[in-house]
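Chain by chain, the residues run as shown.
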Amino acid sequence: MATKRTLFLGDEALAQGALDAGISGVYAYPGTPSTEIMEYVQQAPEAAARGVHRLWSANEKTALEEALGMSYAGKRALCCMKHVGLNVAADAFMNAAVTGVNGGLVVVAADDPSMHSSQNEQDSRFYGKFAAVPVFEPASQQEAYDMMRQAFEFSEQLRLPVLLRITTRLAHSRADVTASAPRSENPLNVSTSTRQWVLLPGHARHNWASLMARLPDITRQADALPWNRFIPGPDRSLGIIAAGLAFNYLNECFPDGCPHPVLKISQYPLSPDRIGALQAACDAILVLEDGAPFIEEQLTGLFPKPVMRIRGRLDGTLPRTGELTPENVAAALGRSRPEGPAVPALMTPRPPALCRGCPHCDSYAFLKEALAGFPASRVFSDIGCYTLGALPPYEAIHSCVDMGASITMAKGAADAGVSPSVAVIGDSTFTHSGLTGLLDAVAEKTPMTLLILDNEITGMTGGQESLALGRLEALCLGIGVDPTHLRVLLPLARHHAENVGIVREELEWPGVSVVIARRACIQIKKKG
């Protein structure tokens, strides 16, 4: 347990804050930049001593539903995911706002502006507004720790889930954090309400109407917390709204203090009173926020006509895409940032590549050769290390959209007449969201081939345990795959010719075939 100032990643500060808030469980699926939250709890001695639940879930939807079940039992639960994971969990998230909670429930969404390891730049604050739940957005590692503790208190006070949103730079940068005394876990206190938890239409309409009626009070209560604050300044030609991490970038531009009035935003819903006071005092407003123009788009609805000038991402003052940076904040303010000493290049940049000795290299080699006689073939891939098969020297795949889409897109393409239609998916991604797509294909006897690249780990996010380990054949057979067309291969160069022949046989089969290429991740071998 942290009892003094500790150098924490933003993710680690959140994790320690949750432990000190008295959580009984954390539920998550690994995804950058959120992975280190769960990993910190898994390694924390106090989590082991208390028996805190800290095992990975099959996907983000199951994680959130499991966390909601713990909340139903009266205990505090944390659920963590990256921003695209919130899409997977959206059904549970939206309905958890309608049921409300019993024990405190905090959902962390780690957004990835600039798509450092993601398919899109979506902003999770929109989900919070959509669900009408409170949203916290820390500006520092210390705020991340403090807000996590406050979010659980707020969740239990309002009887609602709370969304805590961070972005990559905060998640993966370090700063000193001072922890406070830990709180005990809640006792078991199972809910007895059926109206709250049984979302029959009559109950759900009542719950939703009640939530909508409470929104003004939720906004007022949020405004009483310390995270949003107004900082006066003498130069009223410009007022600045700085959300979350943007507040730090603003301070970097004005080390002696910002001359403009500043409204720091770290909690939502937005307060019309605070924003209205800033608008009344200033000639124009600049909105600094990492992600989408979430606040900026709301301002015109809050201001009376005529609408004042609002600057930000929408008018080109800041870039419309990519993460907010100290450099583009300085440019928006007409200031130059002092340059530090030049940093010598320590290594030559190189594009991402599969590790030397990776089993996926041999798998793509036999797949490409097997497909050489099928010029009309298409290969639909998925999210994982193996997505790098799109790059030279492999150039073996034609798509990568979202978790599980390899199987369903291959099925749809086969339905359209593409032949052979091939799906490539990893073992962890298969159990995350590939099972149902394979069930569709089996039910319709779709002529397609599924290649499961089983490296016995969740490789792309650092080597977390895969729930597929030891279960793939049983899962495929249980879904209904023909046992004679479920093949297991060892992807090694010495088996190349044999593997090519087996894959060709399955490509010619006019039904569903599954080929499992199994060899442990080379990084596991190195650690072992």
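Look above for the structure.
Here's a quick rundown of the structure. If you're wondering where the values come from, they're calculated on a predicted model, not measured in any experiment.

As for the pairing of strand 18 (residues 512-518)
Alright, step 1. Among the seven residues that make up strand 18, six are buried, leaving the element largely enclosed by the rest of the structure.
Alright, step 2. Across seven bridges, strand 16 (residues 448-454) lies against strand 18 in parallel orientation. Residue pairing across strands places Asp 454 opposite Arg 518, the latter belonging to strand 18.
Alright, step 3. The sheet contact formed by strand 17 (residues 486-489) and strand 18 spans four bridges and is parallel. When the sheet's bridge partners are listed, Leu 486 is paired in strand 18 with Val 514.
Alright, step 4. Handedness of the crossover joining strand 17 and strand 18 through helix 21 (residues 496-507) is recorded here as right-handed.

So, the nonpolar core
Alright, step 1. Counting residues in hydrophobic clusters, the biggest one holds 111 residues, and the most contacted among them are Leu 78, Phe 93 and Ile 295.
Alright, step 2. When residues in this core are grouped by element, the largest group, eight residues, is from helix 8 (residues 141-158).
Alright, step 3. Excluding anything up to four places from it in sequence, Leu 78 contacts Ala 18, Ile 23, Gly 25, Val 26, Tyr 27, Ile 37, Val 106, Val 108, Met 148 and Phe 152.
Alright, step 4. If you look at the next biggest cluster of nonpolar residues, it comprises 46 residues, including Cys 361, Leu 371, Ala 410 and Leu 472.

Focus on the sheet that holds strand 8 (residues 229-231)
Alright, step 1. Taken together, the five strands give an open sheet; going across it, the order is 8-10-9-12-13, and neighbouring strands pair in mixed fashion. Two strands close off the open sheet at either side, each with one partner strand: strand 8 and strand 13 (309-311). Within the sheet, the average angular offset between the axes of one strand and its neighbour, ignoring direction, is 20 degrees.
Alright, step 2. Alignment of strand 8 against strand 10 (residues 262-265), held across three bridges, turns out to be antiparallel. The residue of strand 10 that forms the bridge with Arg 229 is Lys 264.
Alright, step 3. Its contacts with the sheet place helix 12 (residues 246-253) against strand 8, strand 9 (239-243), strand 10 and strand 12 (284-288), and it is angled at close to 130 degrees to strand 9.

Considerations on the sheet that holds strand 3 (residues 77-82)
Alright, step 1. Taking strand neighbours across the sheet as the criterion, the six strands line up as 2-3-4-6-5-11 in an open arrangement whose pairing is mixed. The strands lining the two open edges of the sheet, one partner per strand, are strand 2 (25-28) and strand 11 (267-268).
Alright, step 2. The pairing of strand 4 (residues 105-111) with strand 6 (residues 162-167) spans six bridges and is classified as parallel. When the sheet's bridge partners are listed, Ala 110 is paired in strand 6 with Ile 166.

Concerning helix 20 (residues 472-479)
Alright, step 1. The set of residues buried in helix 20 consists of Leu 472, Cys 476 and Ile 479. Viewed end-on, helix 20 has its buried residues packed into an arc of 65 degrees, placing them on one side of the element. Structural note: helix 20 exposes Ala 474 and Gly 478 on the side pointing more than 90 degrees away from its buried face.
Alright, step 2. Against the buried residues of helix 20 lie helix 18 (427-433), helix 19 (435-444), strand 16, strand 17 and strand 18.
Alright, step 3. Gly 480 lies just past helix 20 and shows a positive phi near 120 degrees.

Points about the pattern of salt bridges
Alright, step 1. Within this structure, the stated rule accounts for 25 salt bridges.
Alright, step 2. Each member of the salt-bridge network shares a partner with another, and the members are Asp 111, Asp 123, Arg 125, Glu 137, Arg 165 and Glu 289.

Overview of the environment of Phe 294
Alright, step 1. Tracing the backbone shows Phe 294 in helix 14 (residues 294-302).
Alright, step 2. Separated by 171 residues in the primary sequence, Phe 294 and Asp 123 have C-alpha atoms spaced 8.0 Å apart.
Alright, step 3. Aside from chain neighbours lying at most four places away, what touches Phe 294 is Asp 123, Arg 125, Phe 126, Lys 129, Tyr 268 and Glu 289.

What about helix 1 (residues 10-20)?
Alright, step 1. Helix 1 sits mainly inside the fold: eleven of its eleven residues count as buried.
Alright, step 2. Of the residues making up helix 1, those classed as buried are Gly 10, Asp 11, Glu 12, Ala 13, Leu 14, Ala 15, Gln 16, Gly 17, Ala 18, Leu 19 and Asp 20.

What to know about the side chain of Asp 123
Alright, step 1. Mapped onto the secondary structure, Asp 123 falls in the loop between strand 4 and helix 7 (125-131).
Alright, step 2. Exposure remark for Asp 123: the relative accessible area of 6% places this residue in the buried category.
Alright, step 3. A polar contact is formed between the side chain of Asp 123 and the side chain of Arg 125, at a distance of 2.7 Å.

Overview of the packing of helix 16 (residues 359-371) against helix 21
When two helices pack together, their arrangement is given by the angle between the helix axes and the distance between those axes.
Alright, step 1. Closest axis-to-axis distance for the helix 16/helix 21 pair is 8 Å, and the angle between their directions is 50 degrees. The orientation of helix 16 with respect to helix 21, classified from their angle, is oblique. At the point where helix 16 passes helix 21, the crossing takes the right-handed sense. From helix 16, Ala 365, Phe 366, Leu 367, Glu 369, Ala 370 and Leu 371 reach across to helix 21, where they touch His 496, Asn 499, Val 500, Val 503, Arg 504 and Leu 507.
Alright, step 2. When its residues are assigned to classes, the contact of helix 16 with helix 21 shows eight nonpolar, two polar and two charged.

Observations regarding the pairing of strand 16
Alright, step 1. Most of strand 16 is tucked away, with seven of its seven residues classed as buried.
Alright, step 2. Along strand 16, one buried face is formed by Met 448, Leu 450, Ile 452 and Asp 454 and the opposite face, lined by Thr 449, Leu 451 and Leu 453, is buried too.
Alright, step 3. Alignment of strand 15 (residues 421-426) against strand 16, held across five bridges, turns out to be parallel. Within strand 16, the residue paired with Val 424 across the bridge is Leu 451.

Digging into a nonpolar patch on the surface
Alright, step 1. On the surface, Tyr 72, Leu 188 and Val 190 cluster together to form a nonpolar patch covering roughly 280 Å² of accessible area.
Alright, step 2. Counting through the fold element by element, Leu 188 comes out in the loop between strand 7 (174-178) and helix 10 (194-197).

How each quantity is defined
- Within each chain, residue numbers correspond to sequence positions counted from 1 in written order.
- Two thresholds apply to this predicted model, a pLDDT of at least 70 for residue-level local features and 80 or more for giving and counting side-chain atom pairs, whereas whole-chain, interface and lining totals are computed over all residues.
- Excluding hydrogens and water, the side-chain values take into account all heavy atoms of the structure.
- With a 1.4 Å probe rolled over the protein chains alone, any residue whose accessible area is under 20% of its type maximum counts as buried; one over 50% counts as exposed, and the rest are partly exposed.
- Think of it this way: any DSSP run of H or I at least four residues long counts as a helix, any run of E at least two long counts as a strand, and we number them from the N terminus.
- Pairing between two strands is assigned when DSSP locates at least 2 bridges connecting them.
- Here, the term right-handed applies to a crossover whose path from the first strand over the helix to the second runs clockwise when the strands point away from the viewer.
- Definition of nonpolar core: a set of buried residues of the types Ala, Val, Leu, Ile, Met, Phe, Trp, Tyr and Cys, connected through side-chain atoms within 4.5 Å.
- Whether two residues are in contact is decided by their heavy atoms: any pair within 4.5 Å suffices.
- Axis definition: a line fitted to C-alpha atoms, over the contacting stretch in the case of helices. Angles run 0 to 180 degrees between N-to-C directions.
- Throughout, the arc means that of the directions going from the helix axis to the C-beta atoms.
- One side-chain nitrogen of Lys or Arg within 4 Å of one carboxyl oxygen of Asp or Glu is enough to make a salt bridge.
- Counted as a polar contact is a pair of N or O atoms within 3.5 Å, where, for protein atoms, one must be capable of donating a hydrogen and the other of accepting one, and residues adjacent in sequence contribute only when both atoms are in side chains.
- Angular relationships are summarised with four words: roughly parallel below 35 degrees, roughly antiparallel beyond 145, roughly perpendicular across 65 to 115, and oblique for the angles in between.
- Crossing handedness is read from the near helix: turned anticlockwise from the far helix by less than a right angle, it gives a left-handed crossing, and turned clockwise, a right-handed one.
- Three classes are used, and their members are as follows: Ala, Val, Leu, Ile, Met, Phe, Trp, Tyr, Cys and Pro are nonpolar, Asp, Glu, Lys and Arg are charged, and the others, Gly among them, are polar.
- Here a patch means residues that are over 30% exposed by relative accessible area and free of salt bridges, tied together within 9 Å if like-charged and within 5 Å if nonpolar (Val, Leu, Ile, Met, Phe, Trp, Tyr).
- All accessible-area figures derive from a Shrake-Rupley calculation using a 1.4 Å probe, and residue coverage is judged against the displayed protein chains alone.

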